[in-house]
Amino acid sequence: MLILGIETSCDETAAAVLENGTLVRSNVVYSQIATHQRFGGVVPEIASREHLEKIDEVVSAALDQAQVTPDELDGIAVTQGPGLIGSLLVGINYAKGMAFAAQKPIVGVNHIEGHVYSVAFEFPPPEYPALALIVSGGHTNLFLLPEPEKYKLLGRTRDDAAGEAFDKVAKLIGLSYPGGPMIDRLAKRGNKRAIIFPLAEIKDNRLDFSFSGLKTAVLRYVREQQVEPLANAEAPSQQILDLCASFQNAVVRALVRSVRKAAEVHHPKTLILAGGVACNSELRAAIQELAGQLKIPAYIPSPIYTTDNAAMIAAAAFPKLLRGEGAGLDLSADLSLRLQNIDLVPIDPKKKKRYRL
Ligand code: KG4
Ligand code: ZN
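From a predicted model like this one, the values you see are computed outputs, not experimental measurements. (Residues numbered from 1 in each chain as written. Chains lettered and ligands numbered in written order. Predicted model: local features only at pLDDT ≥ 70, side-chain atom pairs only at ≥ 80, totals over all residues. Heavy atoms only, no water.)

Concerning the coordination of the zinc ion (ligand 2)
Part 1 of the argument: The protein atoms donating to the zinc ion (ligand 2) are H111 (NE2), H115 (NE2) and D308 (OD), with metal-donor distances spanning 2.0 to 2.1 Å.
Part 2 of the argument: One can describe the donor arrangement at the zinc ion (ligand 2) as irregular, given that its four donor atoms subtend angles of 94 to 147° at the metal.
Part 3 of the argument: Mapped onto the sequence, the donors of the zinc ion (ligand 2) take the spacing H-x3-H-x192-D. In this pair, H111 sits in helix 4 (residues 111–116) while D308 sits in the loop between helix 10 (303–306) and helix 11 (311–322), placing the two residues 197 residues apart along the sequence. (Donors = N, O, S within 2.8 Å, 3.2 Å for Na, K, Ca; no water. Tetrahedral: all angles 85-135°; square planar, octahedral: opposite > 155°, others 65-115°. Helix = DSSP H or I, 4+ residues; strand = E, 2+ residues; numbered from the N terminus.)

See below:
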């Protein structure tokens, strides 16, 4: 089965052709980072305009590289939400146009479910139950998957997403957008024990995350210690290096703490780490170490699949297309699209009532 995936939910225009749910025939990603960098973050209006300019070229490149014509496709998968409305609509309208012209089924995919499926290309099918930590610029979610396509939300961020915290702290110390990769690089040369940032205490029997307190603690530190913002990326001060290392370590500790607690209660057989922040070297190592302690495999995709891409969107659509599911041409963007089959549960389901979304 050949699926064309299209992803335009944020600042990547992406298209991919996937064979039988696992073989990536092509994976084309056009990143708008250079455009948004000078504004210090993604500007929605500019993002949608740039998607519109690039979408045709990106989809054509994906089809060419895979040596596939639209006629040969078995279906088209497109990100339906969550994301930026204008950006989502570009991908959806393009996908609908193609689906109509080539008379192919179309499937709307939840972007977060896409991230979960980013493990489809480099690993054998996961064993269930699986625990999945999805950490990106927009989301921080910890899911238990008792079986494929079933999601129990064990924890989510109560304020900033993990990637957002990286980006905001980076901006504070003079790094350009997106700050995550740069903090990761600088942290390698710093002392992660130089500053002890406390982790947020989450009550109510939940495995939620909170990063806004950490961000404020960094801000306070920068002011009190009069940390000079980075002027020359080639010559960072030891203070900046230590700050990056200590901040990154606090984020990683917070994330891993919840995954460890969830593992103790739910005994997963696979640990999945995905989303842009899954590129972070310290987080990858920490999740790998935890999986080792739990004696289960860690599924952590290569960076090309953890950051936004369309191969993961096609992979998430594969089981749906196999079952013959498809949306009509009235498919539209849904900014706050919820996963299907999702359930929000407390840490210990026996202790407290079930939570509702
Ligand atoms: O999944 P993604 O490409 O887009 C969203 O769906 O948001 O994630 C982008 C986020 C940005 O916040 C970026 O700073 C972060 O992932 N990121 C990292 C690293 N690489 C990307 N954060 C920490 N360390 C990294 N190495
Ligand atoms: Zn994403």
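Observations concerning the domain arrangement of the protein
Part 1 of the argument: You can read the domains of the protein as domain 1 (2–117 + 305–322) and domain 2 (124–300).
Part 2 of the argument: At the interface, 16 residues of domain 1 touch 19 residues of domain 2.
Part 3 of the argument: Buried surface at the junction of domain 1 and domain 2, summed over both partners, amounts to about 1,400 Å²; 67% is from carbon and sulfur atoms.
Part 4 of the argument: For the pair domain 1 and domain 2, the interface holds one salt bridge.
Part 5 of the argument: Between K320 and E149 there is a salt bridge, with the nearest N and O atoms lying 3.0 Å from each other.
Part 6 of the argument: At the boundary of domain 1 and domain 2, one finds five residue pairs in polar contact (both at pLDDT 80 or more).
Part 7 of the argument: Among the secondary structure elements, those contributing two or more residues to the side of domain 1 that touches domain 2 are helix 1 (33–37), helix 4 and helix 11.
Part 8 of the argument: At four residues, helix 4 tops the list of elements feeding residues into the side of domain 1 that touches domain 2.
Part 9 of the argument: In the side of domain 1 that touches domain 2, the residues fall into seven nonpolar, six polar and three charged. (Domains from an automatic or database assignment. Contact = heavy atoms within 4.5 Å. Buried area = accessible area lost by both parts, 1.4 Å probe. Salt bridge = Lys/Arg side-chain N within 4 Å of Asp/Glu carboxyl O. Polar contact = N/O pair within 3.5 Å; in protein donor to acceptor, adjacent residues only side chain to side chain. Nonpolar A, V, L, I, M, F, W, Y, C, P; charged D, E, K, R; others polar.)

A word on helix 5 (residues 162–172)
Part 1 of the argument: Burial in helix 5 covers these residues: A162, G163, A165, F166, D167, V169 and A170.
Part 2 of the argument: Buried residues along helix 5 sit against strand 6 (130–135), strand 7 (140–145), helix 6 (179–187), helix 7 (212–224) and helix 8 (238–266).
Part 3 of the argument: Downstream of helix 5 by one or two residues, G174 has phi in the positive range, about 85°. (Buried < 20%, exposed > 50% of the residue type's maximum accessible area, 1.4 Å probe, protein only.)

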